[in-house]
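Letter by letter, the chains look like this.
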Amino acid sequence: GENVEQHPSTLSVQEGDSAVIKCTYSDSASNYFPWYKQELGKRPQLIIDIRSNVGEKKDQRIAVTLNKTAKHFSLHITETQPEDSAVYFCAAPRGGADGLTFGKGTHLIIQP
Amino acid sequence: EPEVTQTPSHQVTQMGQEVILRCVPISNHLYFYWYRQILGQKVEFLVSFYNNEISEKSEIFDDQFSVERPDGSNFTLKIRSTKLEDSAMYFCATQGDPGPEETQYFGPGTRLLVL
């Protein structure tokens, strides 16, 4: 099955700076990589996803890059704001089976 | 925008008791999932369900767990005899189209506390 590793576990950045969270996956057949944002006590919310036919996708201040050769993908948040503070999870399909395998999460802290 | 809903939001139960967690999927979604998240840990897949039967289940989903869609609307997760280690947040997720590349939408979760 799929194994997803996520780093760092905690990331603290100054407001206005950029944040980068990285994930690696094990199953070379995986071709869909979503990122979820989870605020304290709330549901995971999909913020961006990427499919393997592209190497990068942007949505305003958020971007995701994918390197299929190296089997890693990254979330980039530019011009960070206080409301970006949350736990971010990367995920990948469960090795050809149903459902998603999640990374362990990154607690992003935006310092004012 | 349509959302997945779950009830109850919180449930406290005694060890050994049965609990039923309920989920109302987004209308027209046919693919359903249950995940759990132990406090401070990652989200873990439990089971997927389509066409009134289980498609996949993880090693966490043992004989104490069952799922069904009894009335064509609610999708339920039953834990027959709860254990202390079942304490977690349980999320339902639904998907509109088949395949591992399709987006899953999560409900707000049920926080289960087993005493």
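The structure this text deals with has already been given above.
Here the structure is a predicted model, which is why all the values come from computation and not from measurement. (Residues numbered from 1 in each chain as written. Chains lettered and ligands numbered in written order. Predicted model: local features only at pLDDT ≥ 70, side-chain atom pairs only at ≥ 80, totals over all residues. Heavy atoms only, no water.)

Participant: Can you walk me through the overall build of chain A in this structure?
Facilitator: A tally of regular secondary structure across chain A gives 0 helices and 11 strands. Listing each helix as α and each strand as β along chain A from the N terminus yields β-β-β-β-β-β-β-β-β-β-β. Radius of gyration (C-alpha) of chain A: 13 Å, near the 13 Å computed for a compact globule of 112 residues. By its C-alpha atoms, chain A is 40 × 30 × 20 Å across when sized along the principal axes. When burial is assessed residue by residue, chain A has 46% of its 112 residues classed as buried. Long-range contacts, defined here as pairs at least 24 residues apart, represent 53% of the contacts in chain A between residues at least 6 apart. Accessible area of chain A: about 5,400 Å², with a carbon and sulfur share of 46%. Treating the 12 positive side-chain charges of chain A as one cloud and the 13 negative ones as another, the clouds have centres 5 Å apart. (Helix = DSSP H or I, 4+ residues; strand = E, 2+ residues; numbered from the N terminus. Rg over C-alpha atoms; globule rule 2.2 N^0.38 Å. Buried < 20%, exposed > 50% of the residue type's maximum accessible area, 1.4 Å probe, protein only. Contact = heavy atoms within 4.5 Å. Areas by Shrake-Rupley, 256 points an atom, 1.4 Å probe, with all protein chains shown as cover. Lys, Arg positive; Asp, Glu negative; His and termini not counted. Charge placed at Lys NZ, Arg CZ, Asp CG, Glu CD.)

Participant: Could you clarify how one ought to interpret the sheet that holds strand S7 (residues 65–68) of chain B in this entry?
Facilitator: Within a sheet, neighbouring strands are paired by backbone hydrogen bonds and run either parallel or antiparallel to one another. Residue and element names in this part refer to chain B. With antiparallel pairing, 4 strands are arranged side by side in an open sheet as S1-S3-S8-S7. Either end of the sheet is taken by a strand with one partner, and the two such strands are strand S1 (5–7) and S7. Taking the axes of each pair of neighbouring strands and ignoring which way they run, one obtains an average angle of 20 degrees across the sheet. With 5 bridges connecting them, strand S3 (residues 19–24) and strand S8 (residues 75–79) associate as antiparallel partners. The partner of Val-19 across the bridge, within S8, is Ile-79. (Pairing = 2+ DSSP bridges. Axes fitted to C-alpha atoms, helices over the stretch in contact; angles between N-to-C directions.)

Participant: How do you make sense of the interface of chain A and chain B when you look at a structure like this?
Facilitator: Interface size is commonly expressed as the accessible area that is lost once the parts come together. On the chain B side, the residues contacting the 21 residues of chain A number 24 residues. Summed over both sides, the interface between chain A and chain B buries roughly 1,900 Å², with carbon and sulfur atoms accounting for 52% of that surface. It is Arg-43, Asp-98 and Phe-102 of chain A that lose the most area in chain A upon contact with chain B, and together they represent 31% of the buried surface on that side. Remark: the boundary between chain A and chain B carries 1 salt bridge. In this structure, the salt-bridge partner of Glu-3 of chain B is Arg-43 of chain A, at a minimum N-O distance of 3.5 Å. Counting residues per element, the ones that place at least two in the side of chain A that touches chain B are strand S4 (32–38), strand S5 (45–51), strand S9 (86–93) and strand S10 (100–102) of chain A. (Buried area = accessible area lost by both parts, 1.4 Å probe. Salt bridge = Lys/Arg side-chain N within 4 Å of Asp/Glu carboxyl O.)

Participant: I would appreciate a short explanation of the packing of aromatic side chains in the present structure.
Facilitator: Within the structure shown, the criterion is met by 18 aromatic pairs over all chains. Between Tyr-35 of chain B and Phe-45 of chain B the ring centres are 5.8 Å apart and the planes differ by 75 degrees, which places this aromatic pair in the edge-to-face class. Taken together, the residues span a long stretch of sequence, with Tyr-35 of chain B in strand S4 (residues 31–37) and Phe-45 of chain B in strand S5 (residues 44–50) at a distance of 10 residues. When sorted by exposure, Tyr-35 of chain B lands in the same class as Phe-45 of chain B, which is buried. Counting every residue linked through ring pairs, the aromatic cluster contains Tyr-36, Phe-89 and Phe-102 of chain A together with Tyr-33, Tyr-35, Phe-45, Phe-91 and Phe-106 of chain B. (Phe/Tyr/Trp six-rings, centres within 6.5 Å; stacked < 30°, edge-to-face > 60°.)

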